[in-house]
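So you can see what is in the structure, the chains are spelled out below.
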Amino acid sequence: MPVEPTRRDRLELVEFPHPALLRRARPLVRIDDTIHDVVEQMFEIMYQAGGIGLAANQVALPYRLFVVNLEARPDAGEELVFINPSLSRPRGNAVQEEGCLSLPGLRMDVRRPEQIVVKAWSLEGEPFEEDLDGLLARVVQHEFDHLEGRLFTDRLPDAAALEARRSLDTFREVFAGKQSRGELPVDAELLAQLDRLATERCGNA
Ligand code: NI
């Protein structure tokens, strides 16, 4: 077997309540081969799961990075990469059903601004800024929430939040069950791993 020292371990989708999903991600200080590999794997994982957006937290990486392809297929649409993004100028509002690869099976109506300006760095290290609307504005806001440690279930009105609570409790039971059977590390270990990764490649902001 040839050794590929720059190639990371295979990344995997993680589900609620993995601690990576509940913590604010940290800004990347450089874009190197490892990040290129991470992005490639994230697109693969997203397509396999049939998603249109995926944040680094969802593969247990504490980086401010997400990927989007509105067509959910490698052979169509445009592959968009957002590194260290910021959002501004929210305008209007719209309600649309959302789901999340970290909460499989749960879909609910979420209210968000209809338009938003995103500033970010591309995978080539170029800064860019775009005024978004429609589905792209929605996906970018959903993924940005991930980087803030928030899920769409944090944005539900009271009645819907109550409805979602049962599903979230079930996800918690399944996750705790996997931990108690040793199929997943305990939270302290997962958090320590996130700290290690952030120390390696992230700044403080
Ligand atoms: Ni999501």
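Our structure is the block above this text.
These lines cover the structure that appears in this document, whether it is placed above or below. Source: prediction; values computed, not measured.

1. Some points on the overall build of the chain
Then step 1. When helices and strands are counted, the chain shows four helices and seven strands.
Then step 2. What you see in the chain, going N to C, is helices and strands ordered as α-β-β-β-β-β-β-β-α-α-α.
Then step 3. In terms of C-alpha radius of gyration, the chain reaches 17 Å, essentially the compact-globule figure of 17 Å for 205 residues.
Then step 4. In terms of principal-axis extent, the alpha carbons of the chain reach across some 50 × 45 × 35 Å.
Then step 5. The buried share of the chain, reckoned over its 205 residues, is 47%.
Then step 6. A sequence separation of at least 24 residues applies to 67% of the contacts in the chain between residues at least 6 apart.
Then step 7. With an accessible surface of roughly 10900 Å², the chain has 48% of that area assigned to carbon and sulfur atoms.

2. A short note on the coordination of the nickel ion
Then step 1. Within the first shell, the nickel ion binds the protein through C100 (SG), H142 (NE2) and H146 (NE2), at distances of 2.1 to 2.2 Å.
Then step 2. If you list the donors of the nickel ion from N- to C-terminus, the spacing comes out as C-x41-H-x3-H. With C100 in the loop between β4 (94–98) and β5 (108–112) and H146 in helix α2 (residues 134–147), this residue pair connects regions lying 46 residues apart in the sequence. Note on accessibility: C100 and H146 belong to one class, buried.

3. Quick word on the nonpolar core
Then step 1. Residues Y63 and L65 are the most contacted members of the largest nonpolar core, which totals 24 residues.
Then step 2. Elements with a minimum of two residues in this core: α1 (33–49), β2 (65–68), β3 (80–91) and α4 (187–201).
Then step 3. At eight residues, the largest contribution of residues to this core is made by α1.
Then step 4. One finds A20, L21, A160 and F171 within the second-largest nonpolar core, a separate group that totals 18 residues.

Basis of the calculations
- Residues numbered from 1 in each chain as written.
- Predicted model: local features only at pLDDT ≥ 70, side-chain atom pairs only at ≥ 80, totals over all residues.
- Heavy atoms only, no water.
- Helix = DSSP H or I, 4+ residues; strand = E, 2+ residues; numbered from the N terminus.
- Rg over C-alpha atoms; globule rule 2.2 N^0.38 Å.
- Buried < 20%, exposed > 50% of the residue type's maximum accessible area, 1.4 Å probe, protein only.
- Contact = heavy atoms within 4.5 Å.
- Areas by Shrake-Rupley, 256 points an atom, 1.4 Å probe, with all protein chains shown as cover.
- Donors = N, O, S within 2.8 Å, 3.2 Å for Na, K, Ca; no water.
- Core = buried A, V, L, I, M, F, W, Y, C linked by side-chain atoms within 4.5 Å.

Interpretation in functional terms is not warranted from these geometric data alone.
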